[in-house]
Amino acid sequence: MRTPLTDLLGIEAPLVGFNRSPGVVASVSRAGGLGVLAATAYTPAELDAQLTWIEGQLDGRPYGVDLLVPGRTAVGDPDDLVASLRAQIPEEHIRFVDELLARYDIPPATGPVGSAGGLVANLDPSGVPALLDVVFAHPIALIANALGTPPPTLVERGKAAGVAVASLVGKPEHARRQLDAGVDVLVAQGTEAGGHTGTIATMILTPEIVDLAGEVPVLAAGGIATGRQMAAALALGAAGVWCGSVWLSSHEDITPDSVKRKFLAATSSDTLRSPTRTGKPARQLRSAWHDEWERPGSPSPLPMPLQPMLIAKAWHRIDEAAATGHPGATALESFFIGQVVGAFAQLRPAEEIARRIVADCAARLTELGALAEAAPAPRPSR
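Not measured: the values here are computed from a predicted model.

Caption draft 1: Molecular detail of the environment of valine 36. Tracing the sequence through the fold places valine 36 in strand β2 (residues 34-38). Spatially, the C-alpha atoms of valine 36 and phenylalanine 18 are 4.7 Å apart, while their sequence positions differ by 18 residues. The contact partners of valine 36, leaving out residues within four places of it in the chain, are Val16, Gly17, Phe18, Asn19, Val25, Gly64, Val65, Asp66, Leu142 and Trp242.

Caption draft 2: Spatial organisation of the side chain of histidine 138. Its location among the elements puts histidine 138 in the loop between α6 (127-136) and β4 (142-145). Apart from residues no more than four positions distant in its own chain, histidine 138 is found in contact with Asp48, Leu51, Thr52, Glu55 and Tyr63.

Caption draft 3: Expanded view of the pairing of strand β5 (residues 164-169). The buried fraction of β5 is high, at 6 of 6 residues. On β5, burial covers both faces: Ala164, Ala166 and Leu168 on one face and Val165, Ser167 and Val169 on the other are all buried. Inspection of the sheet shows β4 paired to β5 by 4 bridges, in the parallel sense. Note on β5: the bridge partner recorded for isoleucine 143 is valine 165. The β-α-β motif built from β4, the intervening helix α7 (residues 152-161) and the parallel element β5 has right-handed crossover chirality. Between the parallel pair β5 and strand β6 (residues 185-189), the chain is carried across by helix α8 (residues 172-181), and the sense of this crossover is right-handed.

Caption draft 4: Just the environment of valine 134, in detail. With respect to the helices and strands, valine 134 occurs in helix α6. Between the C-alpha atoms of valine 134 and glutamate 46, which are 88 residues apart in sequence, the distance is 9.9 Å. Apart from the residues lying within four places of it in its own chain, the contact partners of valine 134 are Pro44, Leu47, Asp48 and Leu51.

Caption draft 5: Structural detail: the sheet that holds strand β10 (residues 271-274). Here we have 3 strands laid out as an open sheet, ordered β7-β11-β10, and antiparallel in their pairing. Bordering the open sheet on either side are β7 (195-196) and β10, each of which pairs with just one other strand. Of the strand pairs in this sheet, β10 and strand β11 (residues 282-285) are connected by 4 bridges, and their pairing is antiparallel. In the strand pairing of β11, leucine 272 is matched with glutamine 284.

Caption draft 6: Structural detail: the sheet that holds β2. Around the barrel, which closes on itself, the 8 strands sit in the order β1-β2-β3-β4-β5-β6-β8-β9 with parallel pairing between neighbours. Across the sheet, the mean angle separating the axes of adjacent strands is 25° when strand polarity is ignored. Two elements, strand β1 (residues 15-19) and β2, share 4 bridges in a ladder whose sense is parallel. Bridge pairing links valine 16 to leucine 34 in β2. Sheet strands touched by helix α2 (residues 22-30): β1, β2 and β3 (63-67). Its angle to β2, the strand with the most contacts, is close to 165°.

Caption draft 7: Broad picture of the packing of α8 against helix α9 (residues 202-213). Running from amino to carboxyl end, α8 crosses α9 at an angle of 30°, the nearest separation of the two axes being 10 Å. In terms of their interaxial angle, α8 and α9 are classed as roughly parallel. Every pair of crossing elements has a handedness; the one defined by α8 and α9 is right-handed. Mapping the contact onto sequence places Pro172, Ala175, Arg176 and Leu179 in α8 and Leu205, Glu208, Ile209, Leu212 and Ala213 in α9. By residue class, the composition of the contact of α8 with α9 is 7 nonpolar, no polar and 2 charged.

Caption draft 8: View of the pairing of strand β9 (residues 240-243). Here β9 shows two buried faces, one formed by Gly240 and Trp242 and the other by Val241 and Cys243. With 3 bridges joining them, β1 and β9 adopt parallel strand pairing. Along β9, the bridge assignment pairs leucine 15 with valine 241. With 3 bridges connecting them, strand β8 (residues 218-221) and β9 associate as parallel partners. In the sheet register, leucine 219 faces β9, and the bridge partner there is glycine 240. Handedness of the crossover is the feature at issue here: the chain leaves β8, passes through helix α10 (residues 227-235), returns alongside β9, and the resulting connection is right-handed.

Rules used throughout
Residues numbered from 1 in each chain as written. Predicted model: local features only at pLDDT ≥ 70, side-chain atom pairs only at ≥ 80, totals over all residues. Heavy atoms only, no water. Helix = DSSP H or I, 4+ residues; strand = E, 2+ residues; numbered from the N terminus. Contact = heavy atoms within 4.5 Å. Buried < 20%, exposed > 50% of the residue type's maximum accessible area, 1.4 Å probe, protein only. Pairing = 2+ DSSP bridges. Right-handed = clockwise from strand over helix to strand, strands pointing away. Axes fitted to C-alpha atoms, helices over the stretch in contact; angles between N-to-C directions. Parallel < 35°, antiparallel > 145°, perpendicular 65-115°, else oblique. Left-handed = near helix turned anticlockwise from the far one by under 90°. Nonpolar A, V, L, I, M, F, W, Y, C, P; charged D, E, K, R; others polar.

Written out as structure tokens, the structure reads:
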């Protein structure tokens, strides 16, 4: 398959695989697509090590990186900034989370517990440039920004290095801002997707963004996990697809087995968009965690970054306990996932998943072409 995306990135198939697991990233690129590493959670040293490892698996094949790069950053000492934000968390919310954990008998953590301070690192102007320096020191083919319009410095660095800059959009107005900023690729992410999404479905959003984008390639995202769905995206005018949730059914993905078992048992109706993990609406697997926040009298979730700071330690305890089969933690356990979770039947190697998507897409496109060839000639007009 050849599209403007394959020409731009030098890849064999217009398939982009987004995941936080380096093993998945390498597998997608080896299969002829473009693996993209979700890199925001890494320190600069960790990111450098992960990118070096990925390159060692690819023999020169291209890959990409996804960061949360804000258009504007706060100025101040990072420690002071985190302390200031933490002081804004109401006692009511702290008490609610403590009581929730006690109600489900979640034991104390046994290992080191993070505080989610890293989630506000992007508010510190010294944090993002250090990560970008690492990224651009590696031979990446694409850098994606999933936090609004990228700052001019990111677009400029990308163009100077010959690296394509991509941005995710959920509405036509988002796309207009990204095009004005000079991005090279737009990712039209429908509401079916996992993680932070808007409310417009992929079938509607993709052609809207394609019509706005002109010569800029558009990738369809949200609800795409099979070759038939990839073919549908290409039929809508997309130059390729951006897949995230499907890799959570791979062996290489680092999501805990306790969560993967819940994925395999879930249906496409078992997800919801909820701000209770990050402070922004994000699609995830429904669990008792969400039921508790929706009960009458429960507090409303806090905005980002206060909500993730509030719950970070709680989720460390839940994840740790769920890994041992703790019933209360298993009931609460969840993760970000799209509606395609209902199609998960078994865990498979990521490279096999990628090759199957591409092969099935090619087969479906051939079938559709045959339908057009077999169509009867139109009747002559009178």
